[in-house]
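# Architecture at a glance
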Amino acid sequence: MNPCPSTAESTRWWWDFKTDTANLARRQAGVTNGEGAGDMGPNAKSDVLGAQVGLGIMPRLRTRLIAFGGLLAAAVCISACTAAATYPAPEVEKMDKHRGIAGAVQVSIGKARMVIVPAWAGRLSLLDFGWGNVLHNDPKVDGKVLKSDQAWGPWDGNATDVVRGVVGKGSKNQFKGLWLHPWPKVSTPGGGSVEIASDVSRNAGLSAKRSYRLLCDGACLQYDFTITNEGGQAAKWTIWERAMVKAGDYTIAPAAKEGAYPEGWKVRDQTRSIPADNAKTVGDFIVFKAGLKGAGMAARLRDGWIATVYGRNVFLMTWKLDPRGSYPHYDGANAVFWIARDFIEIEPLSPTVKLAKGKSLSFRQIWRGLELPDGLDPGDVRAVGKWLTKNAKPSAR
């Protein structure tokens, strides 16, 4: 059920990114980034998504999408997250420019706002629950768009990846056409959701789709990533989230302490050790802090949640762990991390699934902005972890 009321439930607006960016190089020539990483900028114009008809884009209407086609449905908003107040359906707008890139899509509801960049494989560039962008932005990316035959891996926003095979055993990821390249189709199925779809990647034999929906409480994002085998050979695939989350006071996750993970985590790849100030187990929880040039970790979590604490504000990522699922990477890891100077790369993993021709794999995450209750000390890691355990749900409820 759609969590927000909308008059556009049966209307699917398509915007052909290839058509809209035919003159991208010319339009970007000489353009400098006049916006902060978390700011739309005072001159950042926006307009509603235009539906493609025939050979061109319909004239853009400077109005609100939720008002298009009639009055907003007077329905009860069924929110997937608990909140004191709910709002009407989110506003969806197409921006003239964001960080030097044309055609970004902004969605806002209450104090919450997100910006999606189809030119960057539909990545989120901004996610703000009212206390600033929680995603790390790399200014070296600004104004740059890859051609489909190029490969380049900047660390910015939510760089969701797909992995074929098992890491350390001839695996492959960062496929051309899926990793950071323009995805051609953008749609708004209704209720403030935005979907972005790729072409078929010749290297992977897959198509991919991202679906984002800001829910009516203004503090919750439902994010689905789906891959489909479009004719390639059957292979084992993992959807591998790679969210670059700005450094906070600390990042915390529930440790499983089992099998190859007696402490709930271990170093991975070329990392030999990590200072205790940056990674340690505290009771039943793993605690990480940014501030390193780069260090890799793999983790075995008992529940599907990871949170970053910013004073009394918390950015919480949740997903469902599959108790019968296959997690073959790094001896059973179901989450991976990279500790950098200014951010932590948070990487929940889907189960690894063998996809035959025509079969799909979807991975849903719920990202929430929370506030710690009065009387709970943000510095009390165990107490915060216990509170998050009670409040972290692996899916919309």
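Residues numbered from 1 in each chain as written. Predicted model: local features only at pLDDT ≥ 70, side-chain atom pairs only at ≥ 80, totals over all residues. Heavy atoms only, no water.

What links the strands of a sheet is backbone hydrogen bonding, and the strands pair in either a parallel or an antiparallel sense. Taken together, 5 strands build an open sheet; the order of strands is β15-β24-β23-β20-β17 and the sheet is antiparallel. Of all strands in the sheet, those with a lone pairing partner are β15 (243–246) and β17 (265–267), marking the two edges. Sheet twist, expressed as the average angle between the axes of neighbouring strands with direction ignored, equals 25°. For strand β20 (residues 295–299) and strand β23 (residues 335–339), the ladder comprises 5 bridges, and the chain directions are antiparallel. Across the sheet, residue Gly 296 finds its bridge partner in β23, namely Trp 338. (Pairing = 2+ DSSP bridges. Helix = DSSP H or I, 4+ residues; strand = E, 2+ residues; numbered from the N terminus. Axes fitted to C-alpha atoms, helices over the stretch in contact; angles between N-to-C directions.)

Looking now at the pairing of strand β18 (residues 279–282). As judged from the 4 bridges shared by β18 and strand β19 (residues 285–288), these two strands associate in the antiparallel manner. Residue pairing across strands places Thr 281 opposite Ile 286, the latter belonging to β19. In this antiparallel pair of consecutive strands, β18 and β19, the connection spans 2 residues, and Gly 283 shows a positive phi of 65°.

In this structure, Lys 257 takes a positive phi of about 55° despite not being glycine. Phi at Asp 269 takes a positive value of approximately 55°, unusual for a residue other than glycine. Its location among the elements puts Asp 269 in the loop between β17 and β18.

This brings us to the packing of aromatic side chains. Within the structure shown, the criterion is met by 10 aromatic pairs. Ring geometry for Phe 129 versus Phe 315: centroids 6.4 Å apart, planes at 35°, classification tilted. Placement of the pair is Phe 129 in the loop between β8 (123–128) and β9 (161–164) and Phe 315 in strand β22 (residues 313–319), with a sequence separation of 186 residues. The pair Phe 129 / Phe 315 is uniform in exposure class, with both members buried. A centroid spacing of 4.2 Å and a plane angle of 35° characterise the contact between Phe 288 and Phe 337, whose relative ring orientation is tilted. Placement of the pair is Phe 288 in strand β19 and Phe 337 in strand β23, with a sequence separation of 49 residues. In textbook terms, an aromatic cluster arises when at least three aromatic residues are bridged by ring pairs, as seen for Phe 129, Trp 131, Tyr 212, Tyr 223, Tyr 310, Phe 315 and Trp 367. The cationic tip of Arg 210 hangs over the ring face of Trp 183; the distance from NZ or CZ to the ring centre is 5.5 Å. (Phe/Tyr/Trp six-rings, centres within 6.5 Å; stacked < 30°, edge-to-face > 60°. Buried < 20%, exposed > 50% of the residue type's maximum accessible area, 1.4 Å probe, protein only. Lys NZ or Arg CZ within 6 Å of the ring centre and 35° of its normal.)

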